[in-house]
Amino acid sequence: MTSYKTIKDVAVITIENPPVNALSLAVREGILDGLSRASKDDTVCAIVIIGGGRTFPAGADISEFANGKAFTKPLPQIIEKIESTQKPIVCAIHGTAFGGGLEVALGCHYRIASTRSKVGLPEVNLGILPGAGGTQRLPRLIGVWLAAEMICSGKPIEAVDADAKGILDDLVEISSLESVQTEYDKLLDAAITLALRVKNHSLEGKRVSQLKVEPVSDFFYEQLALQISKNARGMNAPLQALKAVKASAMFPFKEGMQREQQILGRLFVSSQAKALQHIFFAERQTMKIPGIDMKKGVPIKFVGVIGAGMMGSGIAINFIKKGIPVVLIDAEQEFLDRGVKAIEDYFKGRVKKGKTTRFLADRSLGYLRPSLHYEDLSNVDLVIEAVFENLDVKKSVLKHLDEICKPQTILCTNTSTLDIDQIASATNRPDRVIGTHFFSPANVMRLMENVAGSKTSERTIASVMQISKTISKIPVLVGNCFGFIGNRMLFPYNNQANALLQEGAFPHDVDKVLYDFGFPMGLFQMSDLAGNDIGLHIRKAQGIVDPSQRDPNERYVSTTADKLCEMKRFGVKSSKGWYSYAKGSRKGRPDKEVMDLIVENSKAEGFVRRNISAKEIEERCLYALINEGFKCLEEGMAYKPGDIDIIWIYGYGFPPQKGGPMHYADAVGLKKIYDSILQYGKADPKTSAWKPSKLLEQLASSGKKLAKYWTKKLKAQSNL
Ligand SMILES: CCCCCCCCCCCCC[C@H](O)CC(=O)SCCNC(=O)CCNC(=O)[C@H](O)C(C)(C)COP(=O)(O)OP(=O)(O)OC[C@H]1O[C@@H](n2cnc3c(N)ncnc32)[C@H](O)[C@@H]1OP(=O)(O)O
Ligand SMILES: NC(=O)c1ccc[n+]([C@@H]2O[C@H](COP(=O)([O-])OP(=O)(O)OC[C@H]3O[C@@H](n4cnc5c(N)ncnc54)[C@H](O)[C@@H]3O)[C@@H](O)[C@H]2O)c1
C-alpha cells in the first residue's frame, strides 16, 4: 500500500492504493512506518510524500466509515505525526488531492503540485466534514473566508487557484499533452529538489497548526450560513462544517481539533451521512450489472442523431463536446437549421459566461455535420433517433436506418414511453437496438436510462453504457416496461397528488409538503414547468380521458388536470396552469379559479372535502412511489435498489440527503411502509397502486432491510 525508497538522501514515501490511493488502514500504517524509518535513518535529510499512479490520495477510504476501520490508527493522528516529524516533509500533489488527501498535504511542511492537479475538501457531499484537521489547518493557512468557502461548498479548485490562495508553495508546470508517468517523474524531481533545498531550514512557521488565525466578524458567519441554507437546503454537514471553521478562529489548535472531532462524531452517525455515502457508491455501481461484461463494449467513434428538435440538439451537444463527430439529421431544412442554431447558441452562451473559450467552442462545433440525408449515416457506429413520439414514425425511421447503416451500427431510440421490442422489430438487428432515454435538457441532465429490449445483446448494452460514461452521463440500465423506471414510478406518485386534491388538498398544500421533504419543487409546480399538456397526451394515449373507455374499477383522479388543459392552462408557458404566473416568471401563485374548480370537481365526483395533514400527504405520495419501486425490482425491471435511487435523485430531484426512495424506505422501516400501504389501500380500494408489492410484503414480514437482502441476492447470483 506504500513503498519506501531513498533518492539523494531524501526518503520517498509513495502511496500505492489504486485506483485513487484512498487512505485505507494499510496506507496509514505504511505512512507511519515510512516516517519512522526516515526519522531513524541518519543519512536521510528530508522526506517526500507522493501518490503512485494517477493521483495523490483522493481522500480517506469511504468504505472504512461503515465498517469502523477508520477508527484504527485514525487519520488525524497520522497527520499529527507527519507535522511533528523533525525532518522537513514535502508533499507532491498530482491528480486529485481531496478530503483526507488534502489534509495530509496540510500536515506536511511544504506542498508542491502539478498544474494539472486539483485540491478540495468534498466531505460535506458525504454528509461529514474534513475530520482530520482540515477545518482547523486550512483557515490557519489561507484565512477563514477562503477556507470556509472551500469547506462548506465542498467544491474542488484547480492547482493554479490553490497556489493563488496560498495553499501551495510551488507549482510544477505540466502540459495537457504529457503522460501521467511524465507528470509523476517531473513532480518527484521537483519535490526532491525542494526537499534538498530546505533540508537544513528551520521548521518554524512551517507547521500549519502553529499558525495564527485572523478572526472575522459574526456578520461573515451569518451571511455564509444564509447562503448555505439556500444553496444546500436541507443538508446538515455544510452548516456544521462552518461551526468547526468558526472554532478554528476562537480556540487554540488543540481545542479546535476537539470541536472538529465532536462535530464529526455527530455527523458520522447521522442518517444524512449514511444516505449520501450510499449515493456515492450507488452512482459508481450502476456500471456493475450481473451478467454484463463491460469490457465487451465496442468503441464508438462516430455518431448519428436523428431529429434536430429539443432532445436531438441537446443529445448532439454531449458528443461534440467530447470531440466525437456527429451527423445531425432532420426531415425538414427549417427544423435542422433551428436545431443547429440551438447548438450554436449553447456554445455562444458558454463562451459568454466564461465556461469555455471561443477556440474550444469552435472546435466542438467543427465536429457537427448537419444533414437532410440519411445516407450520410452509412458509416456511423451508433445512431440515436429523437423524432416524434409515435410508434409508426419511430419504426419507419429504424427500418430505414437498418437498411442504410453498416451491420455493426447500434440503433438507439430516445423514446420515453414506447416499447423497445416493438421498435426493434422493424429491423433485422434487434440485438443491436436499445433505448437511450436522455432527460431534458439532454445536454444538462446527467441521468440516462438505457433500456434493454428482450433481444438487446450484452455487447450492445456494454457499448452504450460505456459511451454514456464517456459523455459524462450517469447511465442506469433498466428493463423495457411502460415509463421504464423513472416515469413508471412517477405515475403512482402523481396519482396520489391528484387524489389528494379530490379529497380536500390544494396544489400548494401538496407542493409545500414535497418541498419541505426536500424536493426542489412540488409535483404541481413540476407539471406546470414541464407543460400540463404532456400528462394529458399520455392519459389520452392510455385511453383514460374518455369516461366511457375507463376501467370502472379504477379510480380516476385527473378530471381537474384534464379541465386545466381545456382551459388552456398549460403551465408556465401559458402563464397559467395549476398556479398563475406573472409574465416571464416561473414563480407561481395559487389561483382562485383553479381552487374553485378543484372544489367543484370534488363535489361533482362525490367527495366530502376534509383537512388533510402534512403527514398523510407525504406518506401517500412517497409510499405509492416506493411501492412501485419495489414492483420494478421484483419484476426485474430495475437491477438494484441503488439504481432506482440514482434515477430519482438525478432525474426527479429526490433529496440526496435522504438517499433516494429505496434507501429512504429502509430508513423509515419496511413494515411501517407496508402497513400504511395496506391502510391507504383499504380506504381506497379502487386505486391499484395501493396493491402492495410482493417483495415489500416479504421483507416487511421477515423484518429484513432491502439493501442487505439485495446485496446477498446479487452475491448468491454471481456465485452460481
Ligand atoms: C484522536 C482522534 C480520534 C478520532 C477518531 C476519528 C476517526 C475518523 C477519522 C476520519 C477522518 C476523516 C478524514 C477525511 O476528512 C474524510 C475524507 O477524506 S472523506 C473522502 C473525501 N474524498 C472524496 O469524497 C473523493 C471521492 N472520490 C471522487 O470524487 C472520485 O472518485 C475521484 C477521486 C474524483 C476520481 O473519479 P473517477 O476517476 O471518476 O473514479 P471513480 O469515482 O469511478 O472512482 C474509482 C473507484 O475508486 C473508488 N473511490 C473513489 N474515492 C474513494 C474513496 N475516497 N474511498 C474509497 N473508495 C473510493 C470508487 O468507489 C471507485 O470504485 P469502483 O467503483 O471502481 O469499485
Ligand atoms: N421533450 C422531452 O422532455 C423528452 C424527454 C425525454 C425523451 N423525449 C423523447 O425524445 C423524442 C424527441 O422529442 P423532442 O421533444 O425533441 O421532439 P421535437 O418535436 O422537439 O423534435 C422532433 C424532431 O424530429 C424531426 N423529425 C420528425 N420525424 C423525422 C424523421 N422521420 N426524420 C428526421 N427527422 C424527423 C422533427 O422535424 C423535429 O425537428 C421523443 O421521442 C420524445 O418522447 C422527450
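Keep in mind that what you see is a predicted model, and the values were worked out from it rather than measured.

J.: Can you lay out the pattern of salt bridges for me, pointing to particular residues and giving the numbers?
T.: Once their charged atoms are close, side chains differing in charge can pair, the charge on each being opposite to the other. One pass over the full model with this rule turns up 36 salt bridges. Residue K394 pairs with E385 through a salt bridge whose shortest N-O separation is 3.0 Å. Like K394, the residue E385 is buried in the burial classification. Note that K512 is salt-bridged to D516, the shortest N-O span being 2.5 Å. Of this pair, K512 and D516 both sit in helix α20 (residues 507–517), four residues apart, roughly one helical turn. Looking at K512, the relative accessible area reads 52%, which means it is exposed. Overall, the relative accessible area of 48% leaves D516 in the partly exposed class. Beyond isolated ion pairs, a larger network of salt bridges with shared partners links E503, R555, R610, E616, R620 and D684.

J.: Lay out the confidence of the model for the protein chain with the relevant residues and their values.
T.: Overall, the prediction assigns the protein chain a mean pLDDT of 97, with 100% of residues at 70 or greater. The ipTM, which scores confidence in the relative placement of chains, is 0.95 for this predicted complex, and the corresponding pTM is 0.95.

J.: So what about the environment of E260? Which residues, and what values?
T.: By the secondary structure assignment, E260 is in helix α11 (residues 253–268). The contacts of E260, once residues within four sequence positions are left out, are L129, P130, G131, A132, G133, G134, T135, Q136 and A244. Looking at E260, its side chain comes within polar contact range of the main-chain nitrogen of G134, at 3.4 Å.

J.: Outline helix α4 (residues 100–107), listing residues and values.
T.: Across the eight residues that make up α4, a large majority, eight, are buried. Those residues of α4 lying buried are G100, G101, L102, E103, V104, A105, L106 and G107.

J.: How would you explain the site of ligand 1 if you had to name every residue and give the values?
T.: Inspection of the region around ligand 1 gives 31 residues, with A60, G100, E103, E123 and R284 positioned closest. Between ligand 1 and R54, the relevant distance is 2.9 Å, taken from an oxygen atom to a side-chain nitrogen or oxygen of the residue. Contact distances for ligand 1 include 2.8 Å between an oxygen atom and a backbone N or O atom of A60. For ligand 1, whose free accessible area comes to 1,300 Å², the fraction covered by protein is 73%. For the shell around ligand 1, the secondary structure elements donating two or more residues are α3 (75–84), β5 (96–98), α4 and α12 (271–285). A total of three residues in the shell around ligand 1 trace back to one element, the largest contributor, which is α12. Tallied by class, residues from the shell around ligand 1 come to 18 nonpolar, seven polar and six charged.

J.: Go over unusual backbone geometry with me, naming the residues and quoting the values.
T.: Looking along the chain, the bond that leaves P18 and enters P19 is cis, with omega of 5 degrees. The topology assignment puts P19 in the loop between β2 (10–15) and α1 (25–40). Looking along the chain, the bond that leaves S440 and enters P441 is cis, with omega of -5 degrees. Tracing the chain through its elements places P441 in the loop between β15 (433–438) and β16 (447–452).

J.: Explain the pairing of strand β11 (residues 326–329) to me, and be specific about the residues and the numbers.
T.: Of the two faces of β11, the one carrying V326 and L328 and the one carrying V327 and I329 are both buried. This β-α-β element, strand β10 (residues 303–306) to helix α13 (residues 310–321) to β11, shows right-handed connectivity. Here four bridges tie β11 to strand β12 (residues 368–371), and the two strands are oriented parallel to one another. Pairing of V326 across the sheet is with L368, part of β12.

J.: Tell me about the site of ligand 2, and name the residues and values.
T.: In the vicinity of ligand 2, 22 residues are found, and the nearest of them are M311, D330, Y374, E389 and K394. In the environment of ligand 2, an oxygen atom lies 2.6 Å from a nitrogen or oxygen atom belonging to the side chain of D330. Note that a nitrogen atom of ligand 2 is positioned 2.8 Å from one of the side-chain N or O atoms of Y374. About the coverage of ligand 2: the protein hides 79% of its 830 Å² of free accessible area. Taken together, the residues of the shell around ligand 2 sort by class into twelve nonpolar, seven polar and three charged.

J.: Which residues make up the UniProt feature "domain: 3-hydroxyacyl-CoA dehydrogenase C-terminal" (unreviewed entry) in the protein chain, and what values go with them?
T.: In this structure's numbering, the residues bearing the UniProt feature "domain: 3-hydroxyacyl-CoA dehydrogenase C-terminal" (unreviewed entry) are residues 483–581 and 619–705. Structurally, residues 619–705 is divided into 68% helix and 0% strand, and its ends, taken at the C-alpha atoms, are 19 Å apart.

J.: Explain the state of the cysteines to me, and be specific about the residues and the numbers.
T.: Counted by the stated rule, this structure contains zero disulfides. Not engaged in a disulfide, the cysteine C45 finds its nearest cysteine sulfur in C108; these two sulfurs lie 16 Å apart.

J.: Quick one: what's the story with a positive patch on the surface, residue by residue and with numbers?
T.: Taken together, the side chains of K274, K704, K705, K708 and K712 present a region of like positive charge at the surface. Position of K705 relative to the elements: it lies in the loop between α29 (694–702) and α30 (706–719). Accessibility expressed as a relative area gives 46% for K705, which makes it partly exposed.

J.: Describe the sheet that holds strand β1 (residues 2–7), with residues and values.
T.: In a beta sheet, neighbouring strands are held together by backbone hydrogen bonds and run either parallel or antiparallel to one another. Reading across the sheet, the six strands line up as β1-β2-β3-β4-β6-β9 and stay open at both edges, with mixed pairing between neighbours. The open sheet has two edge strands with one neighbour each: β1 and β9 (170–172). Between one strand and the next, the sheet's axes are offset by a mean angle of 20 degrees, whatever the strand orientation. In this sheet, strand β3 (residues 46–51) lies alongside β2 in parallel orientation, the contact comprising six bridges. Paired with A11 across the two strands is I47, which belongs to β3.

J.: Could you give me a rundown of the environment of I306, with the residues and numbers involved?
T.: Structurally, the position occupied by I306 is in strand β10. By relative accessible area, I306 is classed as buried at 2%. Considered as a pair, I306 and I7 are 299 residues apart in the sequence and their alpha carbons are 59 Å apart. Residues within four places of I306 in sequence aside, it is in contact with I329, Y374, L377, V383, I384, E385, A386, V387, V397 and L401.

The rules behind the values
- Residues numbered from 1 in each chain as written.
- Chains lettered and ligands numbered in written order.
- Predicted model: local features only at pLDDT ≥ 70, side-chain atom pairs only at ≥ 80, totals over all residues.
- Heavy atoms only, no water.
- Salt bridge = Lys/Arg side-chain N within 4 Å of Asp/Glu carboxyl O.
- Buried < 20%, exposed > 50% of the residue type's maximum accessible area, 1.4 Å probe, protein only.
- Helix = DSSP H or I, 4+ residues; strand = E, 2+ residues; numbered from the N terminus.
- pLDDT = per-residue confidence, 0-100.
- Contact = heavy atoms within 4.5 Å.
- Polar contact = N/O pair within 3.5 Å; in protein donor to acceptor, adjacent residues only side chain to side chain.
- Near = heavy atom within 4 Å.
- Areas by Shrake-Rupley, 256 points an atom, 1.4 Å probe, with all protein chains shown as cover.
- Nonpolar A, V, L, I, M, F, W, Y, C, P; charged D, E, K, R; others polar.
- Right-handed = clockwise from strand over helix to strand, strands pointing away.
- Pairing = 2+ DSSP bridges.
- UniProt positions renumbered as here; feature names shortened; annotations may be inferred.
- Disulfide = S-S within 2.5 Å.
- Patch = residues over 30% accessible without salt bridge, like charges linked within 9 Å, V, L, I, M, F, W, Y side chains within 5 Å.
- Lys, Arg positive; Asp, Glu negative; His and termini not counted.
- Charge placed at Lys NZ, Arg CZ, Asp CG, Glu CD.
- Axes fitted to C-alpha atoms, helices over the stretch in contact; angles between N-to-C directions.

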